[in-house]
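Coordinate inspection notes
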Amino acid sequence: MTRLYDENTKKGRITRDVLRYFLVIFCSILYSVGVVIFLDPIKLVSLGLTSVGQIFGNIVSSNWQEAPSFLKSPGIYVLVLNIPLLIWGFKELSPKFVIFTVVSIAVQTIFMFGWIDGEKILIDVFKINANSLNDNGTRLFLAIIAALICGTSIGIALRYGASTGGVDIVAQIISFKKGISIGVFEMVVNVTLAIVNGVIINDMAAALFTFIFIIIYSLVVDKVHTTYNFVRVDIITKEKEAVSMALIETIKRGCTAINVEGEYTKEEKYDVFIVISSYELEKVRRTVADIDPNAFIMVSPIKRVLGKFFKHTIS
């Protein structure tokens, strides 16, 4: 596979970051679409601070009819509540991670400022009957669609070194330090928020549909984002020195080489093996392919790593 850029050059790193900016903007728009179009019209909250923003917006709408429209939408609350978390993320994670997240939050704030009428889009574009928006079948269907959209967008953003803000920042820090699944952590937080919201709006059915949304969302996030799962990669090659040095230089990890012999060819080869976070796997594959296209690569999952295994800060 031909590379679009060389990550080891300054130009290549700039190109990578530009591509990631476009990716973050796309994921943020996708996430906002899932919230505004598929969740808001059926009175379901979404996730983390976005759901808190939705709750605040609902409270303002119910108790202050003359309030400005931006105070009734979650956008302003998403922006304000993320500020302290961004400061924490800047200290605990990489500055570049926070910069990408700021871009994401800015996009979300714009799209959630109340100018998009999700219910009208469902009725006019998707031809959903307005009276059916309160039906359990319709709410279930839209909750599933929203979970697939939001889970995919957040999973992709996290996989490429950014987040959509809010609880994602906390989850990223805890996952980085403790190795806890991001999806599991967010599921616990979001289920709690769903219950709180159901009590506040006196609609526990909404909480139940939100549970379904959260479960599917969490599964999708964990499938798409696998940064802190570990794998062992065995590379059977004749180019021991070249492959080993390339892995050390490119992946910034040590590796081990042992002598092996192919029983079919009776050729002497080497097994160069390395333990990595699974998000580094594609980079390993490209690195090895550049040196020895005929190398035989095996990947094995690892449940736990003990000892001096450095978890690279996502940047």
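Moving on to the sheet that holds strand β3 (residues 268–277). Ordered in space as β2-β3-β1-β4, the 4 strands form an open sheet in which the pairing is antiparallel. Lying at the two open borders of the sheet, with one neighbouring strand each, are β2 (256–261) and β4 (296–302). Neighbour-to-neighbour, the strand axes of the sheet open up by a mean angle of 25 degrees, direction not taken into account. Here β2 pairs with β3 via 6 bridges, running antiparallel. Each bridged residue has a counterpart across the sheet, and for Thr256 the counterpart in β3 is Phe273.

Glancing now at the environment of Ala295. Here Ala295 is to be found in the loop between α12 (281–291) and β4. For Ala295, a relative accessible area of 17% translates into the label buried. As a C-alpha pair, Ala295 and Asp234 span 61 residues in sequence and 9.9 Å in three-dimensional space. When neighbours within four sequence positions are excluded, Ala295 is seen to be in contact with Ile235, Ile236, Thr237 and Val288.

Per-chain confidence: the protein chain averages 78 in pLDDT, with 78% of residues scoring 70 or above. Per-element confidence in the protein chain ranges from a low mean pLDDT of 62 for helix α8 (residues 167–178) to a high of 92 for β2.

Moving on to the packing of aromatic side chains. Within this structure, the stated rule accounts for 2 aromatic pairs. Judged by centre distance (6.2 Å) and plane angle (15 degrees), the ring pair of Phe213 and Tyr217 falls under stacked. Taken together, the positions of Phe213 and Tyr217, both in helix α10 (residues 204–224) and 4 residues apart, correspond to about one turn of that helix. With a relative accessible area of 1%, Tyr217 lands in the buried category.

Right, let's talk about the pairing of strand β1 (residues 230–237) for a bit. Counting buried positions along β1 gives 7 out of 8 residues, so the element sits mostly inside the fold. Sheet topology places β1 next to β4; 7 bridges connect them, and they run antiparallel. Considered in β4, the bridge of Val231 is made with Pro301.

Pairing of side chains with opposite charge becomes possible as their charged atoms draw close. One pass over the structure, following the stated rule, counts 6 salt bridges. Of the charged contacts in the structure, one is a salt bridge between Asp234 and Arg232, with a shortest N-O distance of 2.8 Å. For Arg232, a relative accessible area of 29% puts it in the partly exposed group.

Attention shifts here to the environment of Tyr21. You can see Tyr21 is positioned in helix α1 (residues 10–39). Using a relative accessible area of 31% as the deciding quantity, one classes Tyr21 as partly exposed. The sequence separation of Tyr21 and Ser104 amounts to 83 residues, and the corresponding C-alpha distance is 8.9 Å. In this structure, Tyr21 is in contact with Ile99, Phe100 and Val103, ignoring residues within four places of it in sequence.

So, on to unusual backbone geometry. With a phi angle near 55 degrees, Lys127 is a residue other than glycine that sits in the positive phi range. As for its position among the elements, Lys127 is in the loop between α6 (118–124) and α7 (136–159). A positive phi is found at Lys252, a non-glycine position, where the angle reads about 65 degrees. Within the element layout of this structure, Lys252 appears in the loop between α11 (240–251) and β2.

Over its 21 residues, α10 extends 30 Å from the first C-alpha to the last, a length consistent with the 30 Å expected when each residue adds 1.5 Å. Restricting attention to buried positions, one finds in α10 the residues Ala206, Ala207, Phe209, Thr210, Phe213, Ile214, Tyr217, Ser218, Val220 and Val221.

Let's shift gears to the nonpolar core. Counting residues in hydrophobic clusters, the biggest one holds 27 residues, and the most contacted among them are Phe38, Leu44, Leu122, Leu142 and Phe213. The greatest single-element share of this core, amounting to 7 residues, is contributed by α7. Contact partners of Phe38, with chain neighbours within four places excluded, come to Val33, Leu122, Phe126, Leu142, Ile145, Ala146 and Ile149.

For any two helices packed against each other, one specifies the inter-axial angle together with the distance between the axes. Interaxial distance between α11 and α12 falls to 10 Å at its minimum, and their mutual angle equals 145 degrees. Seen along the crossing, α11 lies across α12 with a hand that is right-handed. Contacts between α11 and α12 pair Ala242, Val243, Ala246, Leu247, Thr250 and Ile251 from the former with Lys283, Val284, Thr287, Val288 and Ile291 from the latter. Here the residues of the contact of α11 with α12 are counted per class, giving 8 nonpolar, 2 polar and 1 charged.

Moving on to a nonpolar patch on the surface. Where nonpolar side chains cluster on the molecular surface, the patch consists of Phe56, Ile59, Val196, Ile200 and Ile201 and spans about 380 Å² of accessible area. Elements supplying a minimum of two residues to the nonpolar patch: α2 (48–63) and α9 (182–201). Ranked by the residues each element gives to the nonpolar patch, the list is headed by α9, at 3 residues. Mapping Val196 onto the fold places it in helix α9. Assessed through its relative accessible area of 39%, Val196 is described here as partly exposed.

About the cut-offs
Residues numbered from 1 in each chain as written. Predicted model: local features only at pLDDT ≥ 70, side-chain atom pairs only at ≥ 80, totals over all residues. Heavy atoms only, no water. Pairing = 2+ DSSP bridges. Helix = DSSP H or I, 4+ residues; strand = E, 2+ residues; numbered from the N terminus. Axes fitted to C-alpha atoms, helices over the stretch in contact; angles between N-to-C directions. Buried < 20%, exposed > 50% of the residue type's maximum accessible area, 1.4 Å probe, protein only. Contact = heavy atoms within 4.5 Å. pLDDT = per-residue confidence, 0-100. Phe/Tyr/Trp six-rings, centres within 6.5 Å; stacked < 30°, edge-to-face > 60°. Salt bridge = Lys/Arg side-chain N within 4 Å of Asp/Glu carboxyl O. Expected span 1.5 Å × (residues − 1). Core = buried A, V, L, I, M, F, W, Y, C linked by side-chain atoms within 4.5 Å. Left-handed = near helix turned anticlockwise from the far one by under 90°. Nonpolar A, V, L, I, M, F, W, Y, C, P; charged D, E, K, R; others polar. Patch = residues over 30% accessible without salt bridge, like charges linked within 9 Å, V, L, I, M, F, W, Y side chains within 5 Å. Areas by Shrake-Rupley, 256 points an atom, 1.4 Å probe, with all protein chains shown as cover.

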